[in-house]
Amino acid sequence: MIRSQVLICGGTGCTSSGSKAVQEAFKEQLEIAGLTHEIKLVQTGCFGLCALGPVVIVYPEGTFYSQVHADDVEEIVQEHLLKGRVVQRLVYDETTAPKDSLVGGTVSLSDTDFYRAQHRVALRNCGVIDPDNIDEYIAVDGYAALGKVLTEMTPEDVIKCVSDSGLRGRGGGGFPTGFKWSLCAPNKADQKYVVCNADEGDPGAFMDRSVLEGDPHCIIEAMAICGYAVGATKGFVYVRAEYPIAVARLQHAIDQAREYGLLGKDIFGSGFDFDLEIRLGAGAFVCGEETALMTSIEGNRGEPRPRPPFPAVKGLFGKPTVENNVETFANIPQILLKGADWFASMGTEKSKGTKVFALGGKIKHTGLVEVPMGTTLREIIYDIGGGIPNGKKFKAAQTGGPSGGCIPAKLIDTEIDYDNLLAMGCMMGSGGLIVMDEETCMVDIAKFFLEFTVDESCGKCTPCRVGTKRLYEILEKITQGKGTLEDLDRLEELCYYIKANSACGLGQTAPNPVLATLKFFRDEYVAHVVDKKCPAGVCKDLLTYVIDKDKCIGCGRCAGNCPVDTIVKTTYIAPGHKLPSYEIIPDKCIKCGACAANCKPQAISKH
């Protein structure tokens, strides 16, 4: 009889930290201890606290162990699973209960700051079930929504329910999902398609990957529901080849669903046929745009098509097609089971439900969070994310990746939803949220994202292919201290031209990081241009490293670590010191920072 379950995160983050070795160690140690029939090992998807991996949770106690290594497993098995004593040194600090507590030394993970403010819908099963076991998905009402749809509802009923819920596309633009389905449904064709966009290309974004890794069956179920609603019998999941764990689990889930009769012919005896295939993408960012994605599925180079005609009329292989991203589909089964009003009760007036964000950058708790629309940026960063490390000040947050913009510190209490972000010149995007502190140069950030879009432009249209390159060159000129005030005007003019004339969403949104940083941090641009200074001390061409001779103890560590021998000994001996100080020859310095990094008395500063 099973008395305990040991859940081990098998998401990409924890896998890269060694969770497979942890799992193998548990198998070995449980066998040695004779506990294989009492303790069940379960590999799950992402728990959300990615920086703490590998993650292990022991139930029924709910003890949350973080940064577990294979060498720690024997102690957990012997102390916790055999003797009932929690291994306190491995317990995540925020789940440690007071000594006089009666809950076995730990508190529930759901009671921590990270989880308390979250409301999980799209991520409801991630970190809870074994994604490779269809029975576990069924045990948490999996495929119940599909059964309800096929036996109790008409296609029109399904579309109305999705429309009434207020669900908007979670892939970027926020187009109403039910309305998109309603555009496709009336169109007559011998074949219609449902496409899931899992080509998650934003730097720092890993929401869709985590859903596919932790709950692949919910995507299969949602796509079948969509197929029934619009009259499609075939679906494709387009996922980038860089997601091998997600691809493997999704394929396994598709095979299981077919075996159970939940994909294929006559599902639930309803006469409805639907099946799925996976298509691998080569990692082109432009294939996140729906028409470029469809072109790639067809076997051609991923380039956008002019619209109209829209995919609902003429999409994949020239047939009517509905395309939504992973997170959008992940909400569908719960909406059909719990009703449109339940979903619409969360969020704001025009942005219903929840949103998944991938928290990254200068934040204590890097990972996945899901919060109701309308949650403020302050709540996400400080209440959930744990704030900025090392006592630094929050400066800005980049939303929407290379297609988005930045939210400055003065707007930290803004409620995050589609309309508020658009009003600021930002966008939701797929949900990447990069946090930046006071040591971040906003000109450099704009250049970083623009460099990405320059590389990822498909080259089909001149405004994007050439225009983004010219934008990047101007930013490069500014960060080198060679810019002029006229360059700032030229930047804005070029940004608006590219937005207005590019063929697809990649080019139309590429200038957003530049425009947003110009809007909120124009003083930093002016400092680079007029004062030839980088206020954040990031842009190397504008930096000068200086040794404070009175602080220098003459140890010579800086000179020993200088790769170009630009640090020399002087004859000056500071009061209280025994050895001569050092100085940096500015003309020879390559500004690598190795000297400052190795200076124990912190006598080297950058200006």
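Structural data are supplied above this passage.
Fair warning: this is a prediction, and the values are worked out from it, not measured in the lab. Each chain carries its own residue numbering, running from 1 in the written order of its sequence. Two thresholds apply to this predicted model, a pLDDT of at least 70 for residue-level local features and 80 or more for giving and counting side-chain atom pairs, whereas whole-chain, interface and lining totals are computed over all residues. Here the side-chain values reflect all heavy atoms present in the structure, with hydrogen atoms and water set aside.

S.K.: Would you mind going over the overall build of the protein chain with me for this structure?
M.R.: Numbering of helices and strands runs from the N terminus, with a helix taken as a DSSP run of H or I at least four residues long and a strand as a DSSP run of E at least two residues long. From N to C terminus, the protein chain includes 25 helices and 18 strands. Only the C-alpha atoms count toward the radius of gyration. The rule for a globule is 2.2 Å times the residue count to the power 0.38. Here the protein chain has a C-alpha radius of gyration of 27 Å; the compact-globule value for 607 residues is 25 Å, and the two agree. With respect to the principal axes defined by its C-alpha atoms, the protein chain has extents near 90 × 70 × 40 Å. Any pair of residues with heavy atoms lying within 4.5 Å of one another is described as a contacting pair. In the protein chain, 70% of the contacts between residues at least 6 apart in sequence involve partners at least 24 apart. Taken as a whole, the protein chain presents about 24,900 Å² of accessible surface, with 51% of it coming from carbon and sulfur. When charges are counted, Lys and Arg are positive and Asp and Glu negative, with His and the chain ends excluded. Just so you know, the charge point we use is NZ for Lys, CZ for Arg, CG for Asp and CD for Glu. Taken as two groups, the 64 positive and 77 negative side-chain charges of the protein chain have centres that lie 6 Å from each other. The protein chains shown are the only cover counted for residues, whose accessible areas, like all others here, come from Shrake-Rupley with a 1.4 Å probe.

S.K.: How should I be thinking about a nonpolar patch on the surface in this particular structure?
M.R.: Together, Phe175, Phe179 and Leu183 line one region of the surface with nonpolar side chains, adding up to about 280 Å² of accessible area. Relative to the helices and strands, Phe175 resides in the loop between helix H7 (155-165) and helix H8 (177-184). Here the term buried applies to any residue with accessible area under 20% of the maximum for its type, exposed to any over 50%, and partly exposed to those in between, with areas from a 1.4 Å probe on protein chains only. Under the relative-accessibility criterion, Phe175 is labelled partly exposed at 38%. Grouping into patches uses exposed residues only, defined as over 30% relative accessible area, and leaves out salt-bridged ones; the cut-off is 9 Å for like charges and 5 Å for nonpolar side chains (Val, Leu, Ile, Met, Phe, Trp, Tyr). Only one rule defines a salt bridge in this text: a Lys or Arg side-chain nitrogen within 4 Å of an Asp or Glu carboxyl oxygen.

S.K.: Sorry, what's going on with the sheet that holds strand E7 (residues 264-267) here?
M.R.: Backbone-to-backbone hydrogen bonds pair the strands of a sheet. The strands run either parallel or antiparallel. One requirement defines pairing of two strands: DSSP has to find at least two bridges between them. The sheet built from five strands is open, its strands ordered E7-E8-E6-E5-E9 with mixed pairing. Of all the strands in the sheet, just E7 and strand E9 (321-325) have a single pairing partner and so form its edges. Sheet twist, expressed as the mean angle between neighbouring strand axes with direction ignored, is 25 degrees. Sheet topology note: the strand E5 (residues 193-198)/strand E6 (residues 234-240) ladder contains six bridges and is parallel. Its bridge partner being in E6, Asn197 is matched across the sheet by Tyr238. Axis angles are defined between N-to-C directions and span 0 to 180 degrees, where every axis is a line fitted to C-alpha atoms and, for a helix, only to the segment in contact.

S.K.: I'm lost on the pattern of salt bridges in this one. Help?
M.R.: Where side chains of opposite charge bring their charged atoms close, a pairing between them can arise. Under the counting rule described, the total for this entry stands at 36 salt bridges. We note a salt bridge from Arg307 to Glu290, for which the minimum N-O separation is 2.6 Å. Pair noted here: Arg307 is in the loop between helix H12 (290-297) and E9 and Glu290 is in helix H12, with a separation of 17 residues, a long-range link. One salt bridge connects Lys395 with Glu524, and the closest N-O pair in it is separated by 2.4 Å. Of this pair, Lys395 sits in strand E12 (residues 394-399) while Glu524 sits in helix H23 (residues 522-531), and the two are 129 residues apart along the sequence. Judged by relative accessible area, which is 5%, Glu524 ranks as buried. Through salt bridges that share partners, Lys180, Glu289, Glu290 and Arg307 make up one connected network.

S.K.: Can you walk me through the nonpolar core in this structure?
M.R.: Taken as a class, soluble globular proteins show a tendency for nonpolar side chains to be buried jointly. Side-chain atoms within 4.5 Å are what join buried Ala, Val, Leu, Ile, Met, Phe, Trp, Tyr and Cys residues into a set we call a nonpolar core. Of all hydrophobic cores here, the largest spans 71 residues; its most connected members are Trp181, Ile219, Phe329 and Leu336. Examining the composition of this core, we find that 11 residues originate from one element, helix H10 (residues 216-230), more than from any other. Dropping the residues within four chain positions of it, Trp181 is found in contact with Val158, Ile159, Val162, Cys226, Ala229, Val230, Val322, Asn324, Phe329 and Ile332. One finds Val371, Leu377, Ile380 and Leu433 within the second-largest nonpolar core, a separate group that totals 46 residues.

S.K.: I keep staring at the packing of aromatic side chains and nothing clicks. Help me out?
M.R.: The geometry of an aromatic ring pair comes down to the distance between the two centres and the angle between the two planes. Note on ring pairs: Phe, Tyr and Trp rings are taken, using the six-membered ring of Trp, and paired if centres are within 6.5 Å. Classes follow the plane angle, with under 30 degrees stacked, over 60 edge-to-face and the rest tilted. All chains considered together, the criterion is met by 13 aromatic pairs. Ring plane angle 85 degrees and centroid distance 5.1 Å describe the contact between Phe114 and Tyr115, whose orientation is recorded as edge-to-face. Put simply, the rings of Phe47, Phe64 and Tyr92 touch in pairs and so form one group of aromatic residues.

S.K.: Which parts of the structure should I look at to understand the sheet that holds strand E4 (residues 63-65)?
M.R.: Here four strands make up an open sheet; going across it, the order is E2-E1-E3-E4 and the pairing mixed. Where the open sheet ends on each side, the last strands, each with one partner, are strand E2 (39-44) and E4. Going across the sheet, the axis of each strand differs from the next one's by a mean of 20 degrees, ignoring polarity. With six bridges connecting them, strand E1 (residues 4-9) and E2 associate as parallel partners. Paired with Ser4 across the two strands is Ile39, which belongs to E2. In the packing of helix H2 (residues 19-33) onto the sheet, the strands contacted are E1, E2 and strand E3 (56-59), and the crossing angle to E2 comes to about 170 degrees.

S.K.: Would you explain the layout of surface pockets in this entry?
M.R.: Where empty space is left in the structure can be found by rolling a water-sized probe over the atoms. Here the largest pocket is characterised by a volume of approximately 1,100 Å³. Each cavity reported here is a set of points on a 1 Å grid over the protein atoms alone in which a 1.4 Å probe fits but cannot get out, each pocket an open set with protein on both sides within 12 Å along at least five of seven lines, and each lining residue one with an atom within 4 Å of a point. As for the largest pocket, its lining consists of 42 residues, of which Gly171, Gly172, Gly173, Gly288 and Glu289 are closest to the centre. Those elements that place two or more of their residues in the lining of the largest pocket are H8, E9, helix H16 (418-423) and helix H21 (505-509). Ranked by the residues each element gives to the lining of the largest pocket, the list is headed by E9, at five residues. In the scheme used here, Gly and all other residues not listed as nonpolar or charged are polar, with Ala, Val, Leu, Ile, Met, Phe, Trp, Tyr, Cys and Pro taken as nonpolar and Asp, Glu, Lys and Arg as charged. By residue class, the composition of the lining of the largest pocket is 13 nonpolar, 19 polar and 10 charged. The volume enclosed by the second largest pocket comes to roughly 300 Å³. Contributing to the lining of the second largest pocket are 16 residues, with Tyr59, Leu109, Ser110, Tyr115 and Val128 lying nearest its centre. Class assignment for the residues of the lining of the second largest pocket results in nine nonpolar, four polar and three charged. Grid points are joined across faces, edges and corners, and a volume is the space filled by probe spheres set on the points.

S.K.: In this structure, what is going on with the environment of Gly45? I would like to understand it.
M.R.: Looking at where Gly45 falls in the secondary structure, it is placed in the loop between E2 and E3. As for Gly45 and Ile278, which are separated by 233 residues in sequence, their C-alpha atoms are 20 Å apart. Here Gly45 is in contact with Cys9, Gly10, Gly11, Gly127, Ile129, Pro131, Glu213 and Gly214, once residues within four sequence places are set aside.

Everything listed here is a matter of geometry and, on its own, says nothing about what the molecule does.
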